[in-house]
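Below, each chain spelled out in residue letters.
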Amino acid sequence: MGLPIPPFAGDIFGPDAVIMKGITGANWRLKDYEARGGYSALKKILSENIPPENVVNELKKSSLRGRGGAGFPTGLKWSFMPRQFPGQKYLVCNSDEGEPGTFKDRDILRYNPHILIEGMIIGGYAMGITVGYNYIHGEIWEVYERFEEALEEARAAGYLGDKILGTDFSFQLHAHHGFGAYICGEETALLESLEGKKGQPRFKPPFPASFGLYGKPTTINNTETFAAVPWIINNGGDAFLALGKPNNGGTKIFSISGDVARPGNYEIKLGTPFSKLLEMAGGMRDGVKLKAVIPGGSSMPVLPAEIMMATDMDYDSIAKAGSMLGSGAVIVMNETRCMVKSLLRLSYFYYEESCGQCTPCREGTGWLYRMVDRIEHGKGRPEDLDMLDNVAQNIQGRTICALGDAAAMPVRAFLKHYRDEFQYHIDHKKCVVAPYI
Amino acid sequence: MNAPLPNSVLSAEALARIDKAVAKYPPDRKDSAVMAALTIAQAEKGWLSTETMDAVAQVLGMPPVAVYEVATFYTMYDLKPVGKYKLTVCTNLPCALQGATHAAEHLKKTLGIGFNETTADGRITLKEGECMGACGDAPVLLQNNHKMLCAMSPEKIDQLLKELK
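The rules behind the values
Residues numbered from 1 in each chain as written. Chains lettered and ligands numbered in written order. Predicted model: local features only at pLDDT ≥ 70, side-chain atom pairs only at ≥ 80, totals over all residues. Heavy atoms only, no water. Helix = DSSP H or I, 4+ residues; strand = E, 2+ residues; numbered from the N terminus. Buried < 20%, exposed > 50% of the residue type's maximum accessible area, 1.4 Å probe, protein only. Contact = heavy atoms within 4.5 Å. Areas by Shrake-Rupley, 256 points an atom, 1.4 Å probe, with all protein chains shown as cover. Lys, Arg positive; Asp, Glu negative; His and termini not counted. Charge placed at Lys NZ, Arg CZ, Asp CG, Glu CD. Axes fitted to C-alpha atoms, helices over the stretch in contact; angles between N-to-C directions. Parallel < 35°, antiparallel > 145°, perpendicular 65-115°, else oblique. Pairing = 2+ DSSP bridges. Buried area = accessible area lost by both parts, 1.4 Å probe. Salt bridge = Lys/Arg side-chain N within 4 Å of Asp/Glu carboxyl O. Polar contact = N/O pair within 3.5 Å; in protein donor to acceptor, adjacent residues only side chain to side chain. Right-handed = clockwise from strand over helix to strand, strands pointing away. 1 Å grid on protein atoms, 1.4 Å probe; cavity = no way out; pocket = protein on both sides within 12 Å on 5 of 7 lines; lining within 4 Å. Points joined across faces, edges and corners; volume = space filled by probe spheres on them. Nonpolar A, V, L, I, M, F, W, Y, C, P; charged D, E, K, R; others polar. Expected span 1.5 Å × (residues − 1). Core = buried A, V, L, I, M, F, W, Y, C linked by side-chain atoms within 4.5 Å. Domains from an automatic or database assignment. Left-handed = near helix turned anticlockwise from the far one by under 90°.

K.L.:
Summarise the overall build of chain B; cite the residues concerned and give the values.
P.N.:
Of the regular secondary structure elements, chain B holds 8 helices and 5 strands. Along its sequence from the N terminus, chain B presents helices and strands in the succession α-α-α-α-α-β-α-α-β-β-β-β-α. For chain B, the proportion of its 165 residues judged to be buried stands at 56%. For chain B, contacts bridging at least 24 residues in sequence account for 60% of all contacts bridging at least 6. Counting every atom, chain B has about 7200 Å² of accessible surface; 54% of that belongs to carbon and sulfur. A gap of 4 Å separates the mean positions of the 17 positive and 18 negative side-chain charges of chain B.

What follows is the structure in structure tokens.
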């Protein structure tokens, strides 16, 4: 597993890191995690017999919001789990990270796997769940194997399994791998996949909290969300909230990629200006001027440089700027980049990854891709721009899951901000910028 | 039923690994292990023939069609023979901005094949992949589904191709 070149002496996630504090890229084992204070939150809960509802309340206070993309308040989600439900319930971690631009969960899993394991065990305790699964993206096979090793370490040390640390609390956790399907990052598609089927999303409602894995109540959270839990228990929800800003508690790992000098993951306080994040990533590669940024993963609306440079990195600020924080995947493009070509690659992705279940998405993603393709290749027609917007509009909100929206939103945002470039392509049969591969 | 017994198709070691995967799930939910079982079978056989998928179906007590459905849905399963080495390169936008399209072009030119093609000596199959969740380390290559190669410059690709005998 190739290690990124550490951009800082010491913590590779930056000086503000709390969840990934002390991570060097080589200290992932149990003994290293314990040396960083690992499993102390679990020990505290079990030795002090902290009532499960207090754990949930602490999360509510922290204002931790789901790190997978939707930003739903975690404490609230955990309170939906019917704790007294008389049958089996499940806890699922979504590590099926495959949204272009997003690569944070991979680093949590390979560099700090025990923090996720501890977070999930605490989740099991808080919601009265005894079995969990971590669904890991199939492409990061070596990381999946490392996670299996970490699970073995945790079991051997008595943190995981039957009668944890000698108490009556038991929790089993298993790793499950995907094998190449972006759609399985959608939580109900993930559940279908975990049941051994094609990953096609389910209708909601019923929501997983009432009908989840094997039809049982299930809570699903993202890797980074679980990873924040031990710190919150150790330091208190108020302290986590204070790291960020109201309604945007804590730190967040941002994956920054594209035309920057040092692509990678940086954990910063929510509310940190984008300009600061860009600086941490070494600034623009070769000093080429910034043109555009997709701030939250490929499905989120693109924003022009001047808007981004005036925006802070938190859920509310990015929403106010006209996009979404999503998974925290920041794709940076410089002024030599063609916006039609960039959208073309994304549109191909959604066309390729549509599961085929809903007609607007199955047919519409192909339609979008073919239209952008002909514009890029000098065969665009004058009516194409309005048709692109129209097709995108007719996909959005008309599908079972959010993949349809994910395909439509980039198209509409690229057109909104860079319509003149698309028009130039149609009129002149070439890019505004110099061609590149 | 004239289907061959699973143990005539898959090795004892593969069957033991499948059993281990099955044990992760409730006893009446063996289907959940189908992705793991297909992955194990593919690693052993190189690709998934109907015979191999039928063996997996038998081991898990699933209708063969349910196994085919899974195998055809997930892109990392190979339903046709591939070269000894399968190299999948992600060319999605973040990777493309960091040199992945150059890496892909270099591979095509050096090997003299396009995507979804195999070199005449059966050594290397080239595939275009979608997001592998490793954009920060682009250009990224996946070797035989299980090994990720990071920051693959043309020089590193040349070195790799020399090593893949």
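K.L.:
Break down unusual backbone geometry for me, citing the residues and quoting the values.
P.N.:
Cis geometry is found at the peptide bond from A:Pro205 to A:Pro206, where omega equals 0°. Position of A:Pro206 relative to the elements: it lies in the loop between α8 (187–194) and β4 (218–222). Of note, the amide linkage connecting B:Ala138 to B:Pro139 takes the cis form, showing an omega dihedral of -5°. Within the element layout of this structure, B:Pro139 appears in the loop between β3 (124–129) and β4 (141–143). Backbone geometry at A:Leu165 places phi at a positive 50°, although glycine is not the residue there. Residue classification places A:Leu165 among the partly exposed positions, given a relative accessible area of 36%. Here B:Asn145, not a glycine, exhibits a phi torsion of approximately 65°, which is positive. As for its placement among the helices and strands, B:Asn145 is situated in the loop between β4 and β5 (147–149). Judged by relative accessible area, B:Asn145 falls into the buried class, the value being 5%.

K.L.:
How would you sum up the packing of helix α16 (residues 384–395) of chain A against helix α17 (residues 403–428) of chain A? Please name residues and give values.
P.N.:
Residue and element names in this part refer to chain A. Here α16 crosses α17 at 170°, and the two axes come no closer than 9 Å. Between α16 and α17, the angle falls in the class roughly antiparallel. Mapping the contact onto sequence places Asp 384, Leu 385, Asp 386, Leu 388, Asp 389, Ala 392, Gln 393 and Ile 395 in α16 and Gly 404, Asp 405, Ala 408, Val 411, Arg 412, Leu 415, Arg 419, Phe 422, Gln 423 and Ile 426 in α17.

K.L.:
Pulling in residues and values, what's your account of the pairing of β4(A)?
P.N.:
All names here are of chain A. Within β4, 5 of the 5 residues are buried, leaving the element largely enclosed by the surrounding structure. Inspection of the sheet shows strand β1 (residues 90–95) paired to β4 by 5 bridges, in the parallel sense. In the sheet register, Leu 91 faces β4, and the bridge partner there is Thr 219.

K.L.:
I'd like to hear about the interface of chain B and chain A, residue by residue, with values.
P.N.:
With 44 residues of chain B in contact, the opposing surface of chain A contributes 60 residues. Carbon and sulfur atoms supply 59% of the area that chain B and chain A bury against each other, a total of about 4200 Å² over both sides. Among the residues of chain B in contact with chain A, B:Lys24, B:Phe73 and B:Leu97 are the three that bury the most area, contributing 17% of the side total. At the junction of chain B and chain A, the tally comes to 4 salt bridges. For the salt bridge of B:Lys24 with A:Glu148, the shortest nitrogen-to-oxygen distance reads 2.7 Å. Summed over the shared surface of chain B and chain A, the result is 22 residue pairs in polar contact (both at pLDDT 80 or more). Elements supplying a minimum of two residues to the side of chain B that touches chain A: α3 (34–45), α5 (64–73), α6 (93–97), α7 (100–111), β3 and β5 of chain B.

K.L.:
Tell me about the pairing of strand β2 (residues 131–136) of chain A, and name the residues and values.
P.N.:
Residue and element names in this part refer to chain A. Counting buried positions over the 6 residues of β2 gives 6, a clear majority of the element. The side-chain alternation of β2 yields two buried faces, one formed by Val 131, Tyr 133 and Tyr 135 and the other by Gly 132, Asn 134 and Ile 136. As defined by bridge partners, β1 adjoins β2 across 6 bridges and the pair is classed as parallel. Residue pairing in the sheet places Asn 94 in a bridge with Tyr 135 of β2. Here 6 bridges tie β2 to strand β3 (residues 172–177), and the two strands are oriented parallel to one another. Within the sheet, the bridge partner assigned to Asn 134 lies in β3 and is Ala 175. Crossover β2 to β3 through helix α7 (residues 141–156) is right-handed.

K.L.:
Account for empty space enclosed by the protein, with residues named and values stated.
P.N.:
Residues and elements named next belong to chain A. Per the counting criterion, the structure on display carries 3 cavities of 30 Å³ or more. In this structure, the largest cavity encloses a volume near 80 Å³. Lining the largest cavity are Ile 183, Pro 201, Ser 354, Cys 355, Gln 357, Cys 358, Cys 361, Thr 399, Cys 401, Leu 403 and Gly 404. Looking at side-chain class alone, the lining of the largest cavity contains 7 nonpolar, 4 polar and no charged residues.

K.L.:
Now, about α3(B): what can you tell me, with residues and values included?
P.N.:
Residues and elements named next belong to chain B. Between the first and last C-alpha of α3 there are 16 Å, a value that for 12 residues agrees with the 16 Å anticipated at 1.5 Å per step. Of all 12 residues making up α3, 9 are buried, and the element is well covered by its neighbours. Within the span of α3, buried status applies to Val 34, Met 35, Ala 36, Ala 37, Leu 38, Thr 39, Ile 40, Ala 41 and Gln 42. Where α3 ends, the next residue or the one after it, Gly 46, has phi of about 90°, a positive value.

K.L.:
Can you explain the pattern of salt bridges? Please cite residues and give values.
P.N.:
According to the stated counting rule, one finds 32 salt bridges over all chains in the structure shown. When salt bridges that share partners are traced, they join A:Lys104, A:Asp105, A:Glu224 and A:Lys252 into one network.

K.L.:
Mind laying out the nonpolar core, listing which residues take part and the relevant values?
P.N.:
Counting 167 residues, the largest nonpolar core has A:Ile117, A:Phe171, B:Leu38, B:Leu60 and B:Tyr74 as the members making the most contacts within it. For this core, the element with the most residues is α17(A), which contributes 12 residues. Domain assignment of the residues forming this core places at least three in each of domain 1 (12–73) and domain 2 (85–164) of chain B. Residues in contact with B:Leu38, not counting those within four places in the same chain, are B:Leu48, B:Met53, B:Val56, B:Val67, B:Val70, B:Ala71 and B:Tyr77. Residues A:Ala281, A:Leu303, A:Ala305 and A:Met308 belong to the second largest nonpolar core, which totals 24 residues.

K.L.:
An account of the packing of helix α15 (residues 359–376) of chain A against α17(A) is needed here, citing residue identities and associated values.
P.N.:
All names here are of chain A. Taken N-terminus to C-terminus, the directions of α15 and α17 make an angle of 20°; their axes are 12 Å apart at the nearest point. Our classification of the angle between α15 and α17 gives roughly parallel. Crossing of α15 over α17 shows left-handed handedness. Between α15, through Cys 361, Thr 365, Leu 368, Ile 375 and Glu 376, and α17, the contact on the second element is made entirely by Leu 403, Gly 404, Ala 407, Val 411, Phe 422, His 425 and Ile 426. Per-class residue counts for the contact of α15 with α17 are 8 nonpolar, 3 polar and 1 charged.

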